[in-house]
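Letter by letter, the chains look like this.
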Amino acid sequence: ATNASVAKQWYQRRVRGDTDGEIPLLEERWRAVTSAGAVLTSKFFGSFSVCVSRAGRNVHKLLDIIVDNFESYRDMCLYKGRTVSFLKRAQILVADIATCLEGKGLGQFDNLSELTMFADYRVPQALVALNVL
């Protein structure tokens, strides 16, 4: 087996659910993980904490870093000739960093309250049904 296939098998075992079935979107998740790893290695010395540090306690700068560098966080689409972005996952990531680190150190942001409300999964479902997404 190749290193890549062994790594994928390891990943698959770690993210499996409580059932014996395969998790949804496994291939897409695997591509996102390997892509993020490549970006972290090539641009951020292999550490996501470098991304957070470069934002300088500013959530907008961190969102820009995340969206500009990590494709799987670009939840944007073209609607009537305009780019519409929700950045739901990127905003949740920033909020999770602040929460997990209790607002201290790398988890301290001067403008955390400027993140928008997080839409739950039903909002995107409704937008798909309305052909917005």
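In what follows, the structure referred to is the one given above.
These numbers come from a predicted model, not from an experiment.

Reading the values: rules and limits
Residues numbered from 1 in each chain as written. Predicted model: local features only at pLDDT ≥ 70, side-chain atom pairs only at ≥ 80, totals over all residues. Heavy atoms only, no water. Helix = DSSP H or I, 4+ residues; strand = E, 2+ residues; numbered from the N terminus. Contact = heavy atoms within 4.5 Å. Areas by Shrake-Rupley, 256 points an atom, 1.4 Å probe, with all protein chains shown as cover. Buried < 20%, exposed > 50% of the residue type's maximum accessible area, 1.4 Å probe, protein only. Expected span 1.5 Å × (residues − 1). Salt bridge = Lys/Arg side-chain N within 4 Å of Asp/Glu carboxyl O. Pairing = 2+ DSSP bridges. Axes fitted to C-alpha atoms, helices over the stretch in contact; angles between N-to-C directions. Parallel < 35°, antiparallel > 145°, perpendicular 65-115°, else oblique. Left-handed = near helix turned anticlockwise from the far one by under 90°. Nonpolar A, V, L, I, M, F, W, Y, C, P; charged D, E, K, R; others polar.

### Some thoughts on the overall build of the protein
A count of helical and extended segments in the protein gives 6 helices and 2 strands. Overall, the protein is about 45 × 40 × 30 Å in size when its C-alpha atoms are taken along their principal axes. In the protein, once contacts between residues fewer than 6 apart in sequence are set aside, the share between residues at least 24 apart is 42%. Split by element, the accessible area of the protein, about 9,300 Å² in all, is 55% carbon and sulfur.

### Details of unusual backbone geometry
Of note in the backbone geometry, Phe45 takes a positive phi value of approximately 55 degrees without being a glycine. Relative to the assigned elements, Phe45 resides in the loop between helix H2 (26–43) and helix H3 (48–54). The backbone of Leu87 shows a phi angle near 55 degrees, a positive value even though the residue is not glycine. As for its position among the elements, Leu87 is in the loop between strand E2 (82–85) and helix H5 (88–100). Overall, Leu87 belongs to the buried group, its relative accessible area being 17%.

### A short note on H5
A rise of 1.5 Å per residue sets the reference length of H5, with its 13 residues, at 18 Å; its end C-alpha atoms lie 18 Å apart and thus fit the reference within 8%. Ala90, Gln91, Leu93, Val94, Ala95, Ile97 and Ala98 are the residues of H5 that are buried. Residues of H5 that are buried sit in contact with H3 and helix H4 (59–69).

### Describing the pattern of salt bridges
For the structure shown, the criterion picks out 3 salt bridges. Between Glu27 and Lys8 there is a salt bridge, with the nearest N and O atoms lying 2.3 Å from each other. You can see Glu27 sitting in helix H2 and its partner Lys8 sitting in helix H1 (residues 3–15), a full 19 residues away along the chain. You can call Lys8 partly exposed: its relative accessible area is 23%. Between Glu102 and Lys104 there is a salt bridge; the shortest N-O distance is 4.0 Å. Residue classification places Glu102 among the exposed positions, given a relative accessible area of 61%.

### Observations concerning the pairing of strand E1 (residues 76–79)
For E1 and E2, the ladder comprises 4 bridges, and the chain directions are antiparallel. Of the residues in E2, the one forming a bridge with Leu78 is Thr83. Linking E1 back to E2 in an antiparallel pair, the connection comprises 2 residues, with Lys80 at a positive phi of about 50 degrees.

### Details of the packing of H4 against H5
It is at 10 Å that the axes of H4 and H5 come closest, and there the two elements cross at 125 degrees. Judged by the inter-axis angle, H4 sits oblique to H5. Crossing hand, H4 versus H5: right-handed. Counted together, Val59, Leu62, Leu63, Ile66 and Val67 of H4 and Ala90, Gln91, Leu93, Val94 and Ile97 of H5 form the full contact between these two elements. For the contact of H4 with H5, the residue count by class is 9 nonpolar, 1 polar and no charged.

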